[in-house]
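Coordinate inspection notes
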Amino acid sequence: MENIQDMQEERFTLRNARHLAADYMRRAIRPGDTVVDATMGNGKDTLFLCELVGENGHVFAFDVQAEAVARTRERVEEAGYAGRATLLLAGHETMNEHVNRQVQAVMFNLGWLPGAQHAVTTKTGTTIAAVQAALGLIAPGGIVTICVYPGHEEGTRELQALRELAAGLDVRRYNALYHHFINAAQQTPQLLLIQKNK
Ligand SMILES: C[S@@+](CC[C@H](N)C(=O)[O-])C[C@H]1O[C@@H](n2cnc3c(N)ncnc32)[C@H](O)[C@@H]1O
């Protein structure tokens, strides 16, 4: 069991898909781990992952927009974590080319960069290729979280393709969980969690 004191300190609150993903990351990652932020955006998740992996761990982070890499670099440097992160101006579908070791966790937060052009959103084809790469890269016991935003057309396509991919995974190799906020609006963000069996 985890440290019982930590569990008592922070009582669980069910908020939204992003918070749930962060909760799973906290439980899965230990200092010294290598992890991936597949969608850097404003760098909030990259910073969060840098904190979890500690000074001996490492975060590989991806985004296709220079603006996202710049915003993330600023955030990470300000926190004094520059040495913990490799920020790549590259599509997450190229993850295998850049990450040369097993990782404990891969975090996807799909959609577009808040405050930037909506045209540069994640796309179904590259998202599926990246999730497949992530499933290959995670160590036994490692996790992949994917926050999906079905409030726009491409997001709806991504959700359908991701659900098919997750539902088709061999249960002897992976456990896949689909979190759907059942009493909320249809477009409410949803979360997929996949763990590679030990
Ligand atoms: C919702 S934002 C991510 C938010 C971010 N995690 C944060 O903490 O601020 C989605 C990001 O995915 C990026 N993106 C789109 N296509 C991508 C691809 N093929 N590979 C990597 N990132 C991509 C977008 O540029 C955008 O910055």
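What you see is a predicted model; the values in this text were computed from it and never measured.

**Some remarks on the nonpolar core**
Core analysis: the biggest nonpolar cluster contains 49 residues, and Val 35, Val 36, Ala 105, Val 106, Ala 134 and Ile 146 have the highest contact counts within it. For this core, the leading source of residues is strand β5 (residues 138–148), giving six residues. With sequence-adjacent residues up to four places away left out, Ala 134 is seen in contact with Val 36, Ala 38, Met 95, Val 106 and Val 144.

**Some thoughts on the site of the ligand**
Around the ligand there are 22 residues in total, and Gly 41, Asn 42, Lys 44, Gly 91 and Leu 113 lie nearest to it. Only α3 (44–53) and β2 (58–63) provide two or more residues apiece to the shell around the ligand. A breakdown of the residues in the shell around the ligand according to their chemical character gives seven nonpolar, eleven polar and four charged.

**Some remarks on the packing of helix α6 (residues 124–137) against helix α7 (residues 153–167)**
In a pair of packed helices, the angle between the axes and the distance between the axes together describe the arrangement. At a minimum axis distance of 9 Å, the contact between α6 and α7 shows a crossing angle of 30 degrees. As α6 packs across α7, the resulting crossing turns out to be right-handed. Across from Thr 124, Thr 127, Ile 128 and Val 131 in α6, the residues of α7 making contact are Glu 154, Arg 157, Glu 158, Ala 161, Leu 162 and Leu 165. A per-class count over the contact of α6 with α7 returns five nonpolar, two polar and three charged.

**Examining the pairing of strand β4 (residues 103–109)**
Of all seven residues in β4, seven are buried; the element is thus mostly enclosed. Across three bridges, strand β1 (residues 34–37) lies against β4 in parallel orientation. The partner of Val 36 across the bridge, within β4, is Val 106. As paired elements, β4 and β5 share six bridges and run parallel to each other. Of the residues in β5, the one forming a bridge with Asn 109 is Cys 147.

**Details of α6**
Taking 1.5 Å per residue as the helical rise, α6 with its 14 residues ought to reach 20 Å, and the 20 Å between its terminal C-alpha atoms agrees with that figure. Buried within α6 we find Thr 127, Ala 130, Val 131, Ala 134 and Leu 137. Projected down its long axis, α6 shows its buried positions confined to an angular sector of 120 degrees, all on one face. Opposite its buried face, α6 presents the exposed residues Gly 125 and Gly 136, each directed more than 90 degrees away.

**Looking at the pairing of strand β7 (residues 190–196)**
Most of β7 sits inside the fold, with five of its seven residues counted as buried. Sheet analysis places β5 next to β7, joined by six bridges and oriented antiparallel. Bridge pairing in β7 links Cys 147 to Leu 191. With six bridges connecting them, strand β6 (residues 174–179) and β7 associate as antiparallel partners. Paired with His 179 across the bridge in β7 is Leu 191.

Cut-offs and rules
- Residues numbered from 1 in each chain as written.
- Predicted model: local features only at pLDDT ≥ 70, side-chain atom pairs only at ≥ 80, totals over all residues.
- Core = buried A, V, L, I, M, F, W, Y, C linked by C-beta atoms within 7 Å.
- Buried ≥ 20, exposed ≤ 12 C-beta atoms within 10 Å, placed from the backbone.
- Helix = DSSP H or I, 4+ residues; strand = E, 2+ residues; numbered from the N terminus.
- Contact = placed C-beta atoms within 7 Å.
- Near = placed C-beta within 6 Å.
- Nonpolar A, V, L, I, M, F, W, Y, C, P; charged D, E, K, R; others polar.
- Axes fitted to C-alpha atoms, helices over the stretch in contact; angles between N-to-C directions.
- Left-handed = near helix turned anticlockwise from the far one by under 90°.
- Pairing = 2+ DSSP bridges.
- Expected span 1.5 Å × (residues − 1).
- Arc of directions from axis to C-beta.

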